[in-house]
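This is what each chain is made of:
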Amino acid sequence: MTTHQTVAVPRGTAVHRPPPLTGSWKIAAAAWMVTAVFILSNSAMPLYVHWQRQFAFSSATLTVIFASYIAGLLGALLVAGQLSDRLGRKAVLVPGFLIAMAACGLFAVADSVAALIAARLLTGVAVGIIVSSGMAAVVDVGGPDRKRQASLAASVAMVLGAGLGPLLAGTLAQVMDSPVAVIFGIEFLLLATALAVIVVMPLPGAPRGNGAVPAGRLRLPSVPASNRMDLALGIAVFAPGISATSFVLSLGAALLSRLLHVSSPMVAGGMACLMFMSATGVQFAVKKLPMRNILLLGAAATALSMVAMILAVHAAAPSMLLAAAVLAGMGQGLGQLGGLTLIGMKVPDQQRAQANSLLNIGAYIPAGLLPVATGFLIDHAGLAVGATAFAAVLIAAAVAAAGFVAARLPR
């Protein structure tokens, strides 16, 4: 009788709660949450030229619209990681997806620059929540034995979504007269499926007892002193890499149209997609390399991408611009993989979301400021001068990052 009762209880429980996903499938399901939001993050890229003609705004205004995304992202990063570590992943992720769905609605009906800025701002808030809480959740479900695999999955999910968004938008913009509502309607449905994953997936809740984030007012995100160098190494390489891809996303379509005389939204979206597919592929290619090598390769790829950018601008060569985009994607992907892996393997579980926030804050600040400054320089001095100055700054930053990694990480 006792044995019968012991078996009956879990059977009764299983009727009301489906068995949890295990292993790689669980990691993949969690990674889909990241991919869905990052599809939204860059879906606007091939549409910028369309909106620029419709609302008649300058290159500086275009970069301000792009930077409003960075502003929303940075604001979310300051608090999302702490709230996630304090309240649990779902308590932060569910509102994040609702904000992303609201951004889709704004994009679909945007009739002014102000509406585009608001939509990009909300998109940035949603992405900030995902890169702190969502990417930490992917590592959480991987468990202690799959941290490196889960870190790779989280990083790949981010760049995969970032590449699929502009490809989807560029393709539809090429074949449809009024694609905006359709593009963001599809994205709304994709976000709804990811929200369903969040609802059913078991994720860490609020810590009990001695959680790493004490009750009370929010503070700036932090990590233990022993992990600060790990974080600095990741930021040093990730920041120039994501600044390079941000330049392509904000001004790449304008470069194609005005300087290289290629105005197809499908080409612009395809270039952005290829950039992020290269970021995805290179992470699989180097996943077994030592962390030092991954970071050094990331810095080298970013520097080479900016050399290709200078050649593209001054030789009016679309093929060199494509090479610059591919190398920029590699630089971002390698820096991102290195930073996330160092965090996933070394930072305590209770502060992982905050560490993710800090990694992205350190990277996205220059990724927001440099393209905006370049946009204003382009309006005053021309596209070639602005793009060349931007590339020179990033080459210097990538070389400095390589020196820092070589000095701080042993062979």
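Here is a short report on the structure shown in this document. Owing to the predicted nature of the structure, the values given are computational and were not obtained by experimental measurement.

### Notes on the overall build of the protein
Point 1. From N to C terminus, the protein includes 14 helices and zero strands.
Point 2. Helices and strands in the protein line up, N terminus first, as α-α-α-α-α-α-α-α-α-α-α-α-α-α.
Point 3. For the protein, the C-alpha radius of gyration of 21 Å lies close to 22 Å, the compact-globule estimate for 411 residues.
Point 4. The C-alpha extent of the protein, read off along each of the three principal axes, is 85 × 50 × 40 Å.
Point 5. Taking all contacts inside the protein whose residues are at least 6 apart in sequence as the whole, residues at least 24 apart take part in 86%.
Point 6. Of the accessible surface of the protein, which amounts to about 16100 Å², a share of 68% is contributed by carbon and sulfur atoms.
Point 7. Across the protein, the mean location of the 23 positive side-chain charges is 11 Å away from that of the 9 negative side-chain charges.

### Considerations on the packing of helix α9 (residues 228-259) against helix α13 (residues 352-381)
Point 1. Relative orientation of the contacting elements α9 and α13 amounts to 35 degrees, with a least axis distance of 8 Å. For the element pair α9 and α13, the recorded crossing hand is right-handed.
Point 2. Of the residues belonging to the contact of α9 with α13, the class tally is 17 nonpolar, seven polar and one charged.

### Topic: helix α10 (residues 265-286)
Because an α-helix packs 3.6 residues into every turn, residues spaced three or four apart end up facing the same way.
Point 1. The end-to-end C-alpha distance of α10 is 32 Å, a good match for the 32 Å that 22 residues give at a rise of 1.5 Å each.
Point 2. Looking at where α10 begins, the residue whose side-chain oxygen comes 3.2 Å from the main-chain nitrogen of M266 is S264.

### Remarks on the environment of L409
Point 1. Of note, L409 is situated in the segment after α14 (383-408).
Point 2. Sequence separation between L409 and M229 is 180 residues, and the spatial gap between their C-alpha atoms is 9.9 Å.

### Re the nonpolar core
Point 1. Core analysis: the biggest nonpolar cluster contains 115 residues, and F38, W51, F97, F184, L191, M309 and Y364 have the highest contact counts within it.
Point 2. Not counting residues up to four positions away in its chain, the partners in contact with F97 are M33, A36, V37, I130, L191, A194, L195 and I198.
Point 3. Within the second largest apolar cluster, 16 residues are counted, among which are A236, V282, V286 and V405.

### Some thoughts on the packing of aromatic side chains
Point 1. In this structure the tally under the stated criterion is five aromatic pairs.
Point 2. Residues Y48 and W51 carry aromatic rings whose centres are separated by 6.3 Å and whose planes lie at 55 degrees to one another, so their mutual orientation is tilted. You can see Y48 and its partner W51 sitting in helix α3 (residues 48-55), three residues apart, about one turn around the helix. Take Y48 and W51: they sit in the same class, and that class is buried.

### Here we look at the pattern of salt bridges
Point 1. Per the stated rule, a full pass over the model turns up three salt bridges.
Point 2. In this structure, D140 and R352 form a salt bridge, with 2.9 Å as the shortest nitrogen-oxygen distance. Residue D140 is found in helix α6 (residues 113-142), and its partner R352 is found in helix α13; the two are separated by 212 residues along the sequence. Grouping residues by exposure puts D140 and R352 together as buried.

### Some thoughts on unusual backbone geometry
Point 1. The backbone phi angle of A56 is positive, close to 55 degrees, even though this residue is not glycine.
Point 2. As for its placement among the helices and strands, A56 is situated in the loop between α3 and α4 (59-87).
Point 3. On the basis of relative accessible area, A56 is assigned to the exposed category, the value being 67%.
Point 4. The phi dihedral of A316 is positive, around 50 degrees, even though this residue is not glycine.
Point 5. On the basis of relative accessible area, A316 is assigned to the partly exposed category, the value being 44%.

### Overview of the side chain of S305
Point 1. Among the structural elements, S305 can be located in helix α11 (residues 291-315).
Point 2. S305 sits in the buried class, given a relative accessible area of 0%.
Point 3. Polar contacts involving the side chain of S305 include one to the main-chain carbonyl oxygen of T302, which spans 2.7 Å.
Point 4. The residues contacting S305, other than those within four sequence positions of it, are A244, A324, L327 and A328.

About the criteria used
Residues numbered from 1 in each chain as written. Predicted model: local features only at pLDDT ≥ 70, side-chain atom pairs only at ≥ 80, totals over all residues. Heavy atoms only, no water. Helix = DSSP H or I, 4+ residues; strand = E, 2+ residues; numbered from the N terminus. Rg over C-alpha atoms; globule rule 2.2 N^0.38 Å. Contact = heavy atoms within 4.5 Å. Areas by Shrake-Rupley, 256 points an atom, 1.4 Å probe, with all protein chains shown as cover. Lys, Arg positive; Asp, Glu negative; His and termini not counted. Charge placed at Lys NZ, Arg CZ, Asp CG, Glu CD. Axes fitted to C-alpha atoms, helices over the stretch in contact; angles between N-to-C directions. Left-handed = near helix turned anticlockwise from the far one by under 90°. Nonpolar A, V, L, I, M, F, W, Y, C, P; charged D, E, K, R; others polar. Expected span 1.5 Å × (residues − 1). Polar contact = N/O pair within 3.5 Å; in protein donor to acceptor, adjacent residues only side chain to side chain. Core = buried A, V, L, I, M, F, W, Y, C linked by side-chain atoms within 4.5 Å. Buried < 20%, exposed > 50% of the residue type's maximum accessible area, 1.4 Å probe, protein only. Phe/Tyr/Trp six-rings, centres within 6.5 Å; stacked < 30°, edge-to-face > 60°. Salt bridge = Lys/Arg side-chain N within 4 Å of Asp/Glu carboxyl O.

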